[in-house]
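Here is how the chains run, residue by residue.
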Amino acid sequence: MSRKSPSQPEKPFRFIVDAHEDIAFNAVQGRDFKLSALEKRKLETPPDSDKGIATVGLPELLQAGVRIVFATLWAAPCSMPEPKVEQCYETPQQAYDLARKQLEYYNDLAKDPRIRLIRSRSDIDSVLDPEGSRLGVVLLMEGADPIVVPKQVREWFEAGVRIVGPAWHATRYSGGTHMPGPLTGLGRELMGEMERTGIILDTSHMAEASFFEALELFHGPVIASHSNCRTIVPTDRQLSDEMISALLAREAVIGTVLYNEFLQRDWKQTGAIKSKVTLSDVVKHIRHVCDLAGDRLHAGIGSDFDGGFGSGSIPAELDTAADLPKVGEALGDVGFSQTDIDNILGGNWVRMLKRALP
Ligand SMILES: [Zn+2]
């Protein structure tokens, strides 16, 4: 007999939206998204030190109740110090080619009946059935170098891209993580083209000067798909309170990254101890965004699982993406209501998408 009465839902949330996963980059590098993380681990012995111990597979996402992911098109610049990847770009055309290859991967993936590419607001509800088993994929270009010239953003939109983050490290468009600076001339042009095209601006990774300039120039919908709070982890990769407030003034949603180095000050991936970071650290970042907002309608999850770190670098209670519901349990343990949890785990992102997609 089940311990749970029918009035008690199996899981403490309706569905999860994860606003940042580098699915195609990993797949092109040989990690089969359709295999579970545990199956990948068997194939990857010893684990690849650059990628870390696998945490993501389609089976875990579906099991966790993830119904939408923002999946990246991310091309690696050859100038990137570490890790060195085989397929990197030195020219805009090479960046374009790499991102097109990832786009083709997603188009192929969408032939699987369990996957649906989300292009418009009318695509959303079909994947949100809590009993369903489909994953909606929203395409997010992380680092805009694959856009060869600003006007080409229209071509990417027609191909299905709905969100563009101009920066990663610095790009031809924007200052980025560890590479401060304003938007370039091309970057300013890109803001106008993105707004006219109806693209969502992802400010994660943007250098502060670029960030504020972009918010002035771009009047469309804005998010930070995967950024934590600088007041807790003081590096330029995270958002200052002033940046968070500027995002909130635009009704943005901010995705908390589930990477220990971004969750706790001074945690380092090399030689670090997984158990030092727990879901209580995740709650601190989410709570800080909620406190600045004065509500619980602007925080979300952008796990970045598979973004260059593995199971050893995520909070103690988490092993694979199947554990994502535990974030909701942790919020419940400190008094967040069921409605708040539903919103933070998925509802806030869905509301943003319904407002921003064509
Ligand atoms: Zn990133």
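Residues numbered from 1 in each chain as written. Predicted model: local features only at pLDDT ≥ 70, side-chain atom pairs only at ≥ 80, totals over all residues. Heavy atoms only, no water.

### Describing the coordination of the zinc ion
In ideal tetrahedral geometry, four donors around a metal make angles of 109.5 degrees, whereas ideal octahedral geometry with six donors gives angles of 90 or 180 degrees. The protein atoms donating to the zinc ion are Glu142 (OE), His205 (NE2) and His226 (NE2), with metal-donor distances spanning 2.0 to 2.2 Å. All donors of the zinc ion belong to a single chain; written as a sequence motif, their spacing is E-x62-H-x20-H. On the criterion of sequence distance, the pair formed by Glu142 in strand β6 (residues 135-142) and His205 in the loop between β8 (200-202) and α7 (208-217) is long-range, its members being 63 residues apart. Taken individually, Glu142 and His205 each receive the classification buried, so the pair is uniform in this respect. (Donors = N, O, S within 2.8 Å, 3.2 Å for Na, K, Ca; no water. Helix = DSSP H or I, 4+ residues; strand = E, 2+ residues; numbered from the N terminus. Buried < 20%, exposed > 50% of the residue type's maximum accessible area, 1.4 Å probe, protein only.)

### As for the packing of helix α6 (residues 185-197) against α7
Where α6 meets α7, the closest approach of the two axes is 10 Å, and the angle between their N-to-C directions is 45°. Considered as vectors, α6 and α7 are oriented oblique to each other. Crossing handedness for the pair α6 and α7: right-handed. Of the residues in α7, those in contact with Arg188, Met191 and Glu195 of α6 are Glu213, Ala214 and Leu217. Grouping the amino acids of the contact of α6 with α7 by side-chain chemistry returns three nonpolar, no polar and three charged. (Axes fitted to C-alpha atoms, helices over the stretch in contact; angles between N-to-C directions. Parallel < 35°, antiparallel > 145°, perpendicular 65-115°, else oblique. Left-handed = near helix turned anticlockwise from the far one by under 90°. Contact = heavy atoms within 4.5 Å. Nonpolar A, V, L, I, M, F, W, Y, C, P; charged D, E, K, R; others polar.)

### A short note on the side chain of Ser174
Tracing the backbone shows Ser174 in the loop between β7 (161-165) and α6. Separated by 3.3 Å, the side chains of Ser174 and Ser210 make a polar contact. Those residues in contact with Ser174, other than ones at most four positions away along the chain, are Pro166, Ala167, His169, Pro182, Leu183, Thr184, Met206 and Ser210. (Polar contact = N/O pair within 3.5 Å; in protein donor to acceptor, adjacent residues only side chain to side chain.)

Bear in mind that shape data such as this cannot, by itself, settle questions of function.
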